[in-house]
Protein chains: 2
Amino acid sequence: MSASRVTIKDVAKLAQVSIATVSNVINGTGRVSPETQRKVEQAIGQLDFAPSASARNLKDKKSSLIAVVVPLLEKGRLQDNPFYWHLVRGIEESARGVKLHVILVGIGPDETFSFVREQHLDGLIFVGAFARTELVESMLRLGVPCVFMDSLVDDPSFYQVALDDELGGYIGTKHLLSLGHERIALLTGVLLEGGVNYCRWQGYRRALEEAGVPYRPELVYEEPTSSLGGYRAASRIGAKTGGITAVFALSDMAAIGLVKGLHDLGIVVPRDISVVGFDDDERARYCIPALTTVRQDIVEKGRTAVRLLTAQLEREPLAERRVTLGVELVPRQSTAPPSR
Amino acid sequence: MSASRVTIKDVAKLAQVSIATVSNVINGTGRVSPETQRKVEQAIGQLDFAPSASARNLKDKKSSLIAVVVPLLEKGRLQDNPFYWHLVRGIEESARGVKLHVILVGIGPDETFSFVREQHLDGLIFVGAFARTELVESMLRLGVPCVFMDSLVDDPSFYQVALDDELGGYIGTKHLLSLGHERIALLTGVLLEGGVNYCRWQGYRRALEEAGVPYRPELVYEEPTSSLGGYRAASRIGAKTGGITAVFALSDMAAIGLVKGLHDLGIVVPRDISVVGFDDDERARYCIPALTTVRQDIVEKGRTAVRLLTAQLEREPLAERRVTLGVELVPRQSTAPPSR
DNA sequence: CGAGAAAATGAAAGCGTATTCTATCGAAGG
DNA sequence: CCTTCGATAGAATACGCTTTCATTTTCTCG
């Protein structure tokens, strides 16, 4: 079978030095003469030695591991929004740059976070609205660096990366208003106070108010954030009775489903109804018609989270613990002035 | 600051037993009287003790960690195909079920795999065509269980999960043939011998051959597997000169870009040109027109990979080390008989 | 050339767990 | 009542590394 693991001892023996010296060479600590260094390095190369992370972690109480914690849907399923891939790859790319590995973990409503302590995780990135406040608090109490993304918390002592959701809601709505729309429906996921949809909804209201257009609660459609949710909402939104001429969907997924649903009903976008999405998912550009949307840079969001994490790991004081990323309206073909 | 870590010693002291007994209680090993067990469990609960994975790993030379290894694009970027999310979540969901954690790692063309040994990884899932054969071989030599997904290797001793790509290529093409198309273009990513596109291409050829339609190399368009790649191919494919009436795109991403590109050229799908995609990405259903495509279950692919991995970890002999998942044609609205 | 300083190296002690081996205790058997 | 055995509990050790501290070697300069 495979020979037993090569240890620092084997290296020391081969290089005819002590294990402490080998350790020093590896970590660049202490003082080592160039000649010894060379000998050791050669021995390492020859034996193809790789220091055991477990042993090192045991000593240092670190792990070079950070976890991306994503809330689970029903039945232990992870969110199926491919959006998450961009987030995760942004995180992985940055983490790799600072020699951290990323472990992906779905967390259910009644699971324990014991693995965090078991694994000596160096940090956590919580994605999405976390209701499990007791758990989160216990993490913070343990002194494990945490970053919250799109979270509900409003505590300035928390490290957070968020999007200027209110502004996003505002500019999307404003775009439709400036085209001349007044009966603008809002297609949103669940409106949880403090959550992303909630903030966007606030921006929607602000835009309406500024334009002197009355806010009508009956134009707010709360549906699951998915293409299917959007598709299903189409029939209700498209009903002539509402007189709706534009819809602001708070995710591209929902917007795409909506457009499809409207299309299947014979309602043409943007001629009959204008649609604005949110995210600027890659597919938005390739829709027919191409989707006007509010752009956010998800990969950048992931990178920012890692930056906030490493700032904590390295005890860098940060001017602002909460980073709010910008949004941008991307006008395409799914919006047009209302037809008379 | 936070009190120093709770160890098994503290538990032992509180429960007034030895650490060995505590260890036995935790792992269900040895023989422990019910009363002692209760005492220990209470102490664990009281101290909120979580055993150190590092220490355990050091002892056991395990880590309960598996890595999903994804080849990097240029500049350390991870693949941006959201497709990967479904794969990764399939893996995570299954891994969680068997108490394994998933670490995501992008691997570049000249990076070393040292982290695999450093972290004592229990297993690896290689995704995509891996050219780094030396590295892979060194992993196998180390005895680290590996599973290859969509790989180039054709060695039956390797654990692999693949798709019946040849059949996928066949049924997609056959569908178009049966509608009456003859000049069927193939829009593919890079054709690497043994790779997924290559197999699908073989299926395409077989279908043509069976139908007595001559294979024309000039109808094969090798473009990057992306929406942009598809979009760019549109002008060449749509040129009247080719007389192309149908296109089989080997990914939904490319198909969607293609449809958009054709649309922008005033070419209507499926009236002027039929399009078939591959994957059955969620978005395929919500396209306008909804995309006919060859369906594969990516989440299942991830689950299967974990199954193959755990089979190795538990030394279960497996009848077949290579699992080939099926494909299925999903007819939708992007295909129709050719117009005269 | 020798004393003291600086540089290089090595010995040893943990880090927190699993595990083997020994010791103890109570009960069953003679 | 003593022996023997099974059931439990505990002491000791190893896992591979980092790190402090002491020790040895080399260098510098009076």
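For every chain, the first residue of its written sequence is number 1, and the numbers climb from 1 along that sequence. The lettering of chains begins at A and the numbering of ligands begins at 1, in the order of writing. Only residues with pLDDT of 70 or above have their local features reported here, since the model is predicted, and side-chain atom pairs are shown and tallied only from 80 upward, although totals for entire chains, interfaces and linings are computed over all residues. Think of the side-chain values as coming from all heavy atoms in the structure, minus any hydrogens and water.

Time to look at the protein's contact with DNA strand C. The rule for a residue being near a molecule or strand is that one of its heavy atoms must lie within 4 Å of it. Around DNA strand C lies a shell of 26 residues, among which A:Ser18, A:Thr36, A:Lys59, B:Ile8 and B:Ser23 are the nearest. Of all DNA strand C atoms lying within 4 Å of any protein atom, the proportion belonging to sugar or phosphate reaches 68%. Pairs of N or O atoms within 3.5 Å make up the polar contacts considered here, provided that, within protein, one atom can donate a hydrogen while the other can accept it, and that residues adjacent in sequence are counted only when both atoms are side-chain atoms. The contact in question runs from a phosphate oxygen of DNA strand C to an N or O atom on the side chain of A:Arg31, over 3.3 Å. Between A:Lys61 and DNA strand C, the recorded distance is 3.3 Å, taken from a side-chain N or O atom to a phosphate oxygen. Only DSSP runs of H or I covering at least 4 residues are called helices, and only runs of E covering at least 2 are called strands; the numbering of each starts at the N terminus. Elements that contribute at least two residues to the surface near DNA strand C include exactly helix H2 (19–27) and helix H4 (53–60) of chain A together with helix H2 (19–27) and helix H4 (53–60) of chain B. Considered class by class, the residues forming the surface near DNA strand C number ten nonpolar, nine polar and seven charged. Classification used: nonpolar for Ala, Val, Leu, Ile, Met, Phe, Trp, Tyr, Cys and Pro, charged for Asp, Glu, Lys and Arg, polar for all others including Gly.

Turning next to the interface of chain B and chain A. Contacts were defined at the residue level, with two residues in contact if any of their heavy atoms lie within 4.5 Å. Residue-level contacts link 63 residues of chain B with 63 residues of chain A. Summed over both partners, buried area is the accessible surface (1.4 Å probe) that two parts give up on being assembled. Surface buried jointly by chain B and chain A totals about 5,500 Å² across both partners, of which 58% is contributed by carbon and sulfur atoms. Of all residues in chain B, the largest losses of buried area upon contact with chain A belong to B:Trp85, B:Tyr286 and B:Ile288, amounting jointly to 16% of the total for that side. Salt bridges are counted wherever a side-chain nitrogen of Lys or Arg sits within 4 Å of a carboxyl oxygen of Asp or Glu. The interface formed by chain B and chain A contains three salt bridges. With a shortest N-O distance of 3.5 Å, B:Arg117 and A:Asp48 are connected by a salt bridge.

Residues and elements named next belong to chain A. Across the sheet, six strands lie side by side as E7-E6-E8-E9-E10-E12; this open sheet has mixed pairing. Pairing within the sheet leaves two strands with one partner each, and these edge strands are strand E7 (220–222) and strand E12 (328–330). Direction aside, the axes of adjacent strands within the sheet are offset by 20° on average. At least two DSSP bridges between two strands are required for those strands to pair. As defined by bridge partners, strand E6 (residues 184–188) adjoins strand E8 (residues 246–249) across four bridges and the pair is classed as parallel. Bridged to Leu 187 within E8 is Ala 249. Orientation is described by lines fitted to C-alpha atoms, with helices fitted over the stretch in contact, and by angles between N-to-C directions that extend from 0 to 180 degrees.

Residue ranges assigned to the domains are those given by an automatic or database domain assignment. The domain boundaries assigned to chain A delineate domain 1 (8–51), domain 2 (65–163 + 300–325) and domain 3 (165–296). The gap between the C-alpha centroids of domain 1 of chain A and domain 3 of chain A is 63 Å.

With that settled, the discussion passes to the relation of the copies chain B and chain A. A least-squares superposition brings the copies together, and it is based on the C-alpha atoms of residues with pLDDT no lower than 70 in both. Between chain B and chain A, which share one sequence, the superposing operator has a rotation angle of 180° and an axial displacement of 0.0 Å; the RMSD is 0.1 Å. With respect to symmetry, the two chain copies, as superposed, fit the operation of a two-fold axis. When C-alpha positions in chain B are compared against the rotation axis, the closest is assigned to B:Ile103, at 2.1 Å. When the interface residues of chain B are mapped onto chain A, 100% of them again lie at the interface, so the same face is used by both copies.

Below, the discussion takes up helix H10 (residues 227–238) of chain B. Helical geometry: 3.6 residues make up each α-helical turn, so side chains three or four residues apart lie on a common side. A helix's residues, less one, multiplied by 1.5 Å, set its expected span. Taking 1.5 Å per residue, twelve residues should reach 16 Å; H10(B) reaches 16 Å between its end C-alpha atoms and fits that length. Check the buried side of H10(B) and you find it contacts helix H12 (282–286) of chain A together with strand E6 (184–188), strand E7 (220–222), strand E8 (246–249) and helix H11 (252–264) of chain B.

Another aspect to go through is the UniProt feature "domain: HTH lacI-type" (unreviewed entry) in chain A. UniProt positions are given in the numbering used here, feature names are shortened, and annotations may be inferred rather than shown by experiment. Taken from the UniProt record, the annotation "domain: HTH lacI-type" (unreviewed entry) applies to residues 6–60 of chain A. Strand forms 0% of residues 6–60 of chain A and helix 71%; the C-alpha atoms that close the span are 21 Å apart.

The subject of this paragraph is the sheet that holds strand E4 (residues 146–149) of chain B. Spatial strand order, E11(A)-E5(A)-E4(A)-E3(A)-E1(A)-E2(A)-E2(B)-E1(B)-E3(B)-E4(B)-E5(B)-E11(B): twelve strands in an open sheet with mixed pairing. The open sheet is flanked by strand E11 (322–325) of chain A together with strand E11 (322–325) of chain B, the only strands paired with a single partner. The average angle at which neighbouring strand axes cross in this sheet is 20°, direction not considered. Across four bridges, the pairing between strand E5 (residues 160–163) of chain B and E11(B) is parallel. Within the sheet, the bridge partner assigned to B:Ala162 lies in E11(B) and is B:Thr324.

A separate point is the packing of aromatic side chains. For any pair of aromatic rings, the description consists of the separation of the ring centres together with the inter-plane angle of the planes. All names here are of chain B. Between rings of Phe, Tyr and Trp, where Trp is taken as its six-membered ring, a pair exists when centres lie within 6.5 Å; planes separated by under 30 degrees are stacked, by over 60 edge-to-face, and by other angles tilted. Under the definition given, this model contains 18 aromatic pairs over all chains. Pairing Phe 126 with Phe 148 gives two aromatic rings, centres 5.1 Å apart and planes at 10°, and the pair type is stacked. Taken together, the positions of Phe 126 in strand E3 (residues 123–127) and Phe 148 in strand E4 put the pair 22 residues apart, joining distant regions of the chain. Judged on exposure class, the residue Phe 126 and its partner Phe 148 are both buried. Taken together, a centroid distance of 6.2 Å and an interplanar angle of 80° make the contact between Tyr 204 and Tyr 215 edge-to-face. With Tyr 204 in helix H9 (residues 196–211) and Tyr 215 in the loop between H9 and E7, this pair connects stretches of sequence that are eleven residues apart. Exposure categories follow from relative accessible area, calculated using a 1.4 Å probe and restricted to protein chains: below 20% of the type maximum is buried, above 50% is exposed, and the middle band is partly exposed.

Side-chain atoms within 4.5 Å link the members of a nonpolar core, which is a set of buried Ala, Val, Leu, Ile, Met, Phe, Trp, Tyr and Cys residues. Judged by nonpolar contacts, the single largest core of 147 residues is most densely connected at A:Ile125, A:Val275, B:Ile125 and B:Val275. In contact with A:Ile125, not counting residues within four places along its chain, are A:Ile66, A:Ala67, A:Val68, A:Val69, A:Ile91, A:Val147, A:Met149, A:Ala305, A:Val306 and A:Leu309. A:Ile103, B:Val69, B:Phe126 and B:Phe148 belong to the second largest nonpolar core, which has 40 residues in total.

It is worth spelling out the protein's contact with DNA strand D at this point. Taken together, 25 residues form the shell around DNA strand D, and within it A:Ile8, A:Ser23, A:Phe49, B:Ser18 and B:Thr36 come nearest. A:Ala55 is positioned with one of its backbone polar atoms (N or O) 3.4 Å from a base nitrogen of DNA strand D. At the level of elements, H2 and H4 of chain A together with H2 and H4 of chain B are the ones that each hand at least two residues to the surface near DNA strand D. Taken together, the residues of the surface near DNA strand D break down into ten nonpolar, nine polar and six charged.

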